[in-house]
Amino acid sequence: MRQGSIPGAHGRVRPLTLLGDPVLRQPCAEVTEFGPELARLVEDLFATMYAARGVGLAANQVGESLRVFVYDCPDDEDVRHLGHLVNPRLVDVDGVVIRGPEGCLSLPGLEAGTERHDHALVEGFTVTGEPVTVHGTGFFARCLQHECDHLEGLVYADRVHGWRGRRLMRQVRRAPWSG
């Protein structure tokens with residue numbers, strides 16, 4: 001029998017913020033209140049991420065400019081990593097830089113080869129204010145870097161350069177959701 005609730009089971013699915021919305025382009029504010037509203041936001045983030053079939057979701061992707069993200073992401077060894085971070089800080093990235101396919105729920109249907117380090121270390125807090133450190137390798141490291149970028153007002157497309165970047169931006173302009 002499962003102990004505790006399933007993340008997102010009590011949350012509501014919120015509309016996703018798409019590229020072009022200004023909230024995706026501004027750095028998010030630090031969380032200062034650890035209470036029921038923050039807990040509801042984390043539940044909503046999980047519910048929305050699962051509904052959209054993502055592996056990570058930042059608060060600004062649902063229109064909330066706060067430094068919070070959730071994840072349910074495997075690493076390259078297929079080990080599942082499930083959690084959330086409040087006021088995360090990307091402390092270190094190292095290892096090999098790998099160009100791998102990357103997509104985003106705020107750029108639906110698009111993907112591009114994006115360079116990321118294969119190890120990431122992130123420090124932050126839980127929804128109750130407890131300090132936490134998260135180590136990620138492989139695909140999970142990519143996820144952590146991707147979500148930390150969102151909180152700084154960046155999307156993965158900002159890291160795609162040269163012909164790959166030009167091709168991605170053409171695809172963005174042609175996308176049915178693009179304004």
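Residues numbered from 1 in each chain as written. Predicted model: local features only at pLDDT ≥ 70, side-chain atom pairs only at ≥ 80, totals over all residues. Heavy atoms only, no water.

## Examining the pairing of strand E3 (residues 80-103)
For a regular strand, side chains alternate in direction, first toward one face of the sheet and then toward the other.
Part 1: With seven bridges joining them, strand E2 (residues 68-74) and E3 adopt antiparallel strand pairing. From the neighbouring strand, Val 68 faces E3, where its bridge partner is Val 86.
Part 2: The loop that links E2 with its antiparallel partner E3 comprises five residues; one of these, Asp 78, has a positive phi angle of about 65 degrees.
Part 3: Examined bridge by bridge, E3 and strand E4 (residues 111-125) share 13 bridges and lie antiparallel to one another. Across the sheet, residue Leu 90 finds its bridge partner in E4, namely Val 122. (Pairing = 2+ DSSP bridges. Helix = DSSP H or I, 4+ residues; strand = E, 2+ residues; numbered from the N terminus.)

## Some words on the pattern of salt bridges
Part 1: By the definition in use, this model includes 13 salt bridges.
Part 2: Where Arg 12 meets Asp 44, a salt bridge forms, and the shortest distance between an N and an O atom there is 3.8 Å. With a gap of 32 residues between them, Arg 12 in the segment before helix H1 (36-52) and Asp 44 in helix H1 connect regions that are remote in the sequence.
Part 3: We classify Asp 44 as buried; its relative accessible area is 8%. (Salt bridge = Lys/Arg side-chain N within 4 Å of Asp/Glu carboxyl O. Buried < 20%, exposed > 50% of the residue type's maximum accessible area, 1.4 Å probe, protein only.)

## Here's the deal with the side chain of Asp 44
Part 1: A polar contact of 2.8 Å, which involves the side chain of Asp 44, links it to the backbone nitrogen of Arg 12.
Part 2: Non-local contacts of Asp 44, meaning those with residues more than four positions away in its chain, are made with Gly 11, Arg 12 and Arg 14. (Polar contact = N/O pair within 3.5 Å; in protein donor to acceptor, adjacent residues only side chain to side chain. Contact = heavy atoms within 4.5 Å.)

## Let's talk about a positive patch on the surface
Part 1: Residues Arg 166, Arg 167, Arg 170, Arg 173 and Arg 174 make up a contiguous surface patch of positive charge.
Part 2: The residue Arg 173 is located in helix H3 (residues 162-174) in this model. (Patch = residues over 30% accessible without salt bridge, like charges linked within 9 Å, V, L, I, M, F, W, Y side chains within 5 Å. Areas by Shrake-Rupley, 256 points an atom, 1.4 Å probe, with all protein chains shown as cover. Lys, Arg positive; Asp, Glu negative; His and termini not counted. Charge placed at Lys NZ, Arg CZ, Asp CG, Glu CD.)

## What to know about helix H2 (residues 138-151)
Think of an α-helix as turning once every 3.6 residues; residues three or four places apart then point the same way.
Part 1: Taking 1.5 Å per residue as the helical rise, H2 with its 14 residues ought to reach 20 Å, and the 21 Å between its terminal C-alpha atoms agrees with that figure.
Part 2: Judged by how many residues are buried, H2 sits mostly within the fold: 13 of 14 residues are covered.
Part 3: Just downstream of H2 lies Gly 153, where phi reads positive at about 90 degrees. (Expected span 1.5 Å × (residues − 1).)

## Focus: the UniProt feature "active site" (unreviewed entry) in the protein
Part 1: UniProt records the feature "active site" (unreviewed entry) for Glu 147 in the present numbering.
Part 2: Following the sequence through the fold, Glu 147 ends up in helix H2.
Part 3: Owing to a relative accessible area of 3%, Glu 147 belongs among the buried residues under this scheme.
Part 4: If we skip the residues at most four places from it in the chain, Glu 147 touches Gly 56, Leu 57, Ala 58, Gln 61 and Phe 69. (UniProt positions renumbered as here; feature names shortened; annotations may be inferred.)

## Quick look at the environment of Cys 28
Part 1: If you trace the backbone, Cys 28 turns up in the segment before H1.
Part 2: Residues Cys 28 and Ser 106, spaced 78 residues apart in sequence, show a C-alpha to C-alpha distance of 16 Å.
Part 3: In contact with Cys 28, not counting residues within four places along its chain, are Asn 60, Ser 65, Leu 66, Arg 67, His 150 and Leu 151.

## Side note on the environment of Leu 18
Part 1: Topologically, Leu 18 is positioned in the segment before H1.
Part 2: It is 25 Å that separates the C-alpha atoms of Leu 18 and Pro 74, two residues lying 56 residues apart in sequence.
Part 3: Once you skip the residues sitting within four places of it in the chain, Leu 18 turns out to touch Leu 24, Leu 105, Ser 106, Pro 108 and Trp 177.

## Brief notes about the UniProt feature "binding site: Fe cation" (unreviewed entry) in the protein
Part 1: In the numbering adopted here, UniProt assigns the feature "binding site: Fe cation" (unreviewed entry) to Cys 104, His 146 and His 150. Spanning 47 residues, the annotated positions come together in the fold, the maximum distance between their C-alpha atoms being 10.2 Å.
Part 2: If we skip the residues at most four places from it in the chain, Cys 104 touches Gln 61, Leu 110, His 146, His 150 and Tyr 156.
Part 3: Among the structural elements, His 146 can be located in helix H2.
Part 4: With near-sequence residues (within four places) excluded, His 146 lies in contact with Glu 102, Gly 103, Cys 104, Arg 116 and Tyr 156.

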